[in-house]
Amino acid sequence: MVARFWFTRIALVVLLRSHLAWATPHDFEAWMATAALVPLDESKTYQLFVEVQPRLGDDWQRLATAIFRTALVYDPIPSLSVFTGYGWLPTFYNANYYRTYRDEQRLWQQILYKHDLWNISLQHRLRQEQRWIEDTDGVSNRTRYMLRGSLPLTDAHDFGITVFDEFMVTLNTVEGGPWRGYDRNRLFVGTFWRVGNAHYEIGYLGEHAKRFGDDERWVSALAGGVLFTF
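Only a predicted model underlies this, so the values are computations on that prediction, with no experimental measurement involved.

(A) Inspection of the overall build of the protein at higher detail. Looking only at helices and strands, the protein features 1 helix and 13 strands. Counting helices and strands in the order they occur from the N terminus, the protein gives α-β-β-β-β-β-β-β-β-β-β-β-β-β. In the protein, buried positions account for 43% of the 230 residues. When the accessible surface of the protein is totalled, it reaches about 12,400 Å², and 63% of it is carbon and sulfur.

In structure tokens form, the structure reads like this:
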């Protein structure tokens, strides 16, 4: 009961913050991710991570961006995972919704730590990115931190509620690209369920960003995904 009380309070705070953001220019989008963890040895100490995530924007009218990520994962203990990988993220329109193409490639490193508090499964995710963005004069470095909590609503822990908040900061300014400082914040409230080796999630995601320079922007998205573990 204590865990559900606090988890409900967190969810309400997330929804309140997203409601207040409607005063900022916004877009309605759809983000759908498919990812997999493939073991490279019998003990699953080493795994291959792959992810594909198309994002529809401009009120679901066209493809906004696409994400292709892969990484080598090392699990020294069951609660800790270390990632190092590569990503390709092309963007297909700009701040004024004009059709354009901008290429971005990334190297990324990540530490993921998992533990339980009361009946909530918590994840702390710290990610560092080196971003090569087309038409900029250098490498943009960004740090991301996510706190995710999942509260099971069944004894089998195969269905429940998930809430996360992710904060991103750009560490340096590059000409023609991201500025140093606050980059964006993402909030998610949704449900999860598990079927076999697949973990599904779907819910509401709100993102406040300075994606195209110093102008603020808010995205409201239907966000869903599936992670396959083998």
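(B) The arrangement of the environment of Thr-70 in detail. Summarising the element assignment, Thr-70 is placed in strand 3 (residues 62-77). With a relative accessible area of 29%, Thr-70 lands in the partly exposed category. For Thr-70 and Leu-48, which are 22 residues apart along the polypeptide, the C-alpha to C-alpha distance reads 7.4 Å. In this view, Thr-70 contacts Leu-48, Phe-49, Val-50, Gly-85, Tyr-86 and Trp-108; residues no more than four positions away in its chain are not counted. Of note is the side chain of Thr-70, whose polar atom sits 3.1 Å from the backbone oxygen of Phe-49.

(C) Up close: the pairing of strand 4 (residues 80-88). Burial along strand 4 is one-sided: Ser-81, Phe-83, Gly-85 and Gly-87 are buried, while Leu-80, Val-82, Thr-84, Tyr-86 and Trp-88, pointing the other way, are not. Pairing between strand 3 and strand 4: 8 bridges, direction antiparallel. Residue pairing for strand 4: Leu-72 is matched across the bridge by Thr-84. The turn linking strand 3 back onto strand 4 is made up of 2 residues. Examined bridge by bridge, strand 4 and strand 7 (residues 104-117) share 9 bridges and lie antiparallel to one another. By the bridge assignment, Tyr-86 is partnered in strand 7 with Leu-107.

(D) Representation of the packing of aromatic side chains in the model. Scanning the model with the defined rule gives 11 aromatic pairs in all. Ring centres of Phe-49 and Trp-108 lie 6.2 Å apart, and the angle between their planes is 80°; this geometry places the pair in the edge-to-face category. Of this pair, Phe-49 sits in strand 2 (residues 46-57) while Trp-108 sits in strand 7, placing them 59 residues apart in sequence. Across the pair, Trp-108 and Phe-49 agree in class, each one buried. On the basis of an interplanar angle of 15° and a centroid distance of 5.2 Å, the ring pair of Phe-164 and Phe-188 is categorised as stacked. Taken together, the positions of Phe-164 in strand 10 (residues 159-170) and Phe-188 in strand 11 (residues 181-195) put the pair 24 residues apart, joining distant regions of the chain. Comparing Phe-164 with Phe-188 shows no difference in burial state: the two are buried.

(E) Region of the structure containing the environment of Leu-147. Its location among the elements puts Leu-147 in strand 9 (residues 139-152). Taking the C-alpha atoms as reference points, Leu-147 and Leu-126, separated by 21 residues in sequence, lie 9.1 Å from one another. When neighbours within four sequence positions are excluded, Leu-147 is seen to be in contact with Gln-123, His-124, Val-163, Phe-164 and Asp-165.

(F) How the structure looks around the confidence of the model for the protein. Mean pLDDT over the protein stands at 89; residues scoring 70 or higher make up 86%. Low pLDDT (under 50) marks residues 18-22, which in the prediction has 4 contacts with non-local residues, meaning those over four places away or in another chain.

(G) Molecular detail of unusual backbone geometry. Non-glycine residue Lys-44 carries a positive phi angle of around 60°. Its location among the elements puts Lys-44 in the loop between strand 1 (26-39) and strand 2. By relative accessible area, which is 39% here, Lys-44 ends up partly exposed. A positive phi angle, near 70°, is found at Trp-60, a position not held by glycine. Among the secondary structure elements, Trp-60 is positioned in the loop between strand 2 and strand 3.

(H) A look at the pattern of salt bridges. Enumeration over the complete set of coordinates arrives at 17 salt bridges. As a salt-bridge pair, Glu-129 and Arg-142 come within 2.9 Å of each other at their nearest N and O atoms. Note that Glu-129 is positioned in strand 8 (residues 120-133) and Arg-142 in strand 9, a separation of 13 residues in sequence. One continuous salt-bridge network, built from bridges that share partners, spans Glu-104, Arg-106, Arg-125, Glu-129, Arg-131, Arg-142, Arg-144, Glu-166, Asp-183, Arg-184, Arg-186 and Glu-207.

Parameters at a glance
Residues numbered from 1 in each chain as written. Predicted model: local features only at pLDDT ≥ 70, side-chain atom pairs only at ≥ 80, totals over all residues. Heavy atoms only, no water. Helix = DSSP H or I, 4+ residues; strand = E, 2+ residues; numbered from the N terminus. Buried < 20%, exposed > 50% of the residue type's maximum accessible area, 1.4 Å probe, protein only. Areas by Shrake-Rupley, 256 points an atom, 1.4 Å probe, with all protein chains shown as cover. Contact = heavy atoms within 4.5 Å. Polar contact = N/O pair within 3.5 Å; in protein donor to acceptor, adjacent residues only side chain to side chain. Pairing = 2+ DSSP bridges. Phe/Tyr/Trp six-rings, centres within 6.5 Å; stacked < 30°, edge-to-face > 60°. pLDDT = per-residue confidence, 0-100. Salt bridge = Lys/Arg side-chain N within 4 Å of Asp/Glu carboxyl O.

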